[in-house]
Amino acid sequence: MEPPPESSQEAPTMADAAADFLSLIGLKELEWCLFAETLAVVAVGASPRDKAEGQWWMAAQWAPYQREGEPMQSCVLVQTRFRGKQDDVPASSTLKAYVTWQLETLEQEEQECLEVTDTVVACPLPCVLPAGLGCALHWHLPGGCAPCKATLRPHPTEKMTHIVSHEHGMTVTKTLQEGEAEPQCQSFHYSRAKLRGLLLEGASLLLLRVLARRQTMPPDLVFPAINTEGDLCTCSYSALGIQRQAVGSAETEVFVIERAVHTSTGASTVWHSSFLPNGHLAQLMQIGSPVLMLLQDESILINSGRFEPQLPFPKEPRDWEEDIQLCSCFLDRKEELQLSHAAYLQQHPEVRALLSDFLRALLLQQPQDPISFAAEFFAYQRPIGTPFASTGATSPLPNSSPGHPPADSK
């Protein structure tokens, strides 16, 4: 069948610029973006420490990928999982994408599920009358009848979009299943000439991490894309700058990026993503949505180097030399250590003899590498209680370096 209408905004110049930008992303730069992270799903306006209503998870890692009849290749496996509510209806979604290190999508699958429930009225009468008619019969039956019982029956709605790339282009397959009805499938194809610079959802998540670590981006960054309906569209990225954001009981600086998907009808879906300097998400929000994804694990901030806990009182610098209590504690501890060290040397007089022997050998041999000399010296050291001078054993001293004769070689 014919593919859906393409976006009128798509132009060769835009596709060429997008492809050139992606070609400049280095392999090492992408490797820094391969990690897993978890965000809590909370209501918009809630406190960062409020109880989560769901969870959003993302992971990116190297993985093997093989098409039928082709050799296996190494690519990046991007996975996301969402669990929460959409308009008070339990919802979940998953994404799985195989992406090359140049952010070209080999295969991607998105699945969304709404766990809708239907209200079903069951008539308790032992007959085959419709439920509504049975409810009216209690006025006519002797003694009346029991009222009808309302029950909830699950009626899930699942939508899946599968995209696979091949030598001729890309095939998109959409599947919709409502409740127990037969699934409805629709498939169409895009030629490779229309896919230059294409950036799908999984690759877009990796690109956002790259841009976040750079903390800079071109002013007009636009890519061809395919939306959740499988239609060709465009996706733009713009920097909103550095902002401060609370994470749990801490506050840190984040780099905010706006990502907007523009369809041919003029409608746009906009996300704001707040990133830490290490590329981890601090907040992900779709404009107009009643919920957002928020980082609540403060340990991530320690690795980012921007951990700033909000103390209930201001922190004042203190000079221990001018503080009577701190200075007294320091002097007491210093005296305690000096007495402890002196007592140990009195209990072990062989320590002084050992150090004296070593220093004497070091000064006599004058080796080029004192560290190796010390390691060899102590490796061949005699047991405690048999000093070198009192034994007839061969000296354990290392041989002198050929280029550096002993000082007393005469």
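A quick note: this is a predicted structure, and the numbers were derived from the prediction, not measured.

## A word on the packing of aromatic side chains
Now for step 1: In the structure shown here, the tally under the stated rule is 9 aromatic pairs.
Now for step 2: A ring pair is formed by F188 and Y190, whose centres lie 5.8 Å apart and whose planes are at 80°; its orientation type is edge-to-face. Of the two residues, F188 and Y190, neither departs from the other in class, the shared state being buried.
Now for step 3: Seen from their ring centres, F223 and Y237 are 5.7 Å apart, and the 85° between their planes marks the pair as edge-to-face. Linking F223 in strand β9 (residues 221–226) with Y237 in strand β10 (residues 232–247), this pair joins segments that are 14 residues apart in sequence. Here the two residues F223 and Y237 agree in accessibility, since each one is buried.
Now for step 4: Members of the aromatic cluster, each reached through a chain of ring pairs, are F358, F373, F377 and F378.
Now for step 5: Sitting over the face of the ring of W271, R259 holds its NZ or CZ atom 5.0 Å from the ring centroid.

## Some words on the nonpolar core
Now for step 1: Core analysis: the largest hydrophobic core is formed by 52 residues, its most contacted members being W56, V78, L103, L207, F223 and Y237.
Now for step 2: Residue contributions to this core peak at 8 residues, all from helix α4 (residues 201–214).
Now for step 3: In contact with L207, not counting residues within four places along its chain, are F21, I25, L103, L199, F223 and Y237.

## What about the packing of helix α7 (residues 350–365) against helix α8 (residues 370–379)?
Now for step 1: It is the contact of α7 with α8, at a shortest axis distance of 11 Å, that shows an interaxial angle of 130°. Between α7 and α8, the angle is such that the two are oblique. The crossing of α7 and α8 is right-handed. Here L354, D357, F358, A361, L362 and Q365 of α7 come into contact with α8, specifically with P370, F373, A374, F377 and F378.
Now for step 2: For the contact of α7 with α8, the per-class residue count stands at 9 nonpolar, 1 polar and 1 charged.

Here is what the cut-offs are and how they apply
- Residues numbered from 1 in each chain as written.
- Predicted model: local features only at pLDDT ≥ 70, side-chain atom pairs only at ≥ 80, totals over all residues.
- Heavy atoms only, no water.
- Phe/Tyr/Trp six-rings, centres within 6.5 Å; stacked < 30°, edge-to-face > 60°.
- Buried < 20%, exposed > 50% of the residue type's maximum accessible area, 1.4 Å probe, protein only.
- Helix = DSSP H or I, 4+ residues; strand = E, 2+ residues; numbered from the N terminus.
- Lys NZ or Arg CZ within 6 Å of the ring centre and 35° of its normal.
- Core = buried A, V, L, I, M, F, W, Y, C linked by side-chain atoms within 4.5 Å.
- Contact = heavy atoms within 4.5 Å.
- Axes fitted to C-alpha atoms, helices over the stretch in contact; angles between N-to-C directions.
- Parallel < 35°, antiparallel > 145°, perpendicular 65-115°, else oblique.
- Left-handed = near helix turned anticlockwise from the far one by under 90°.
- Nonpolar A, V, L, I, M, F, W, Y, C, P; charged D, E, K, R; others polar.

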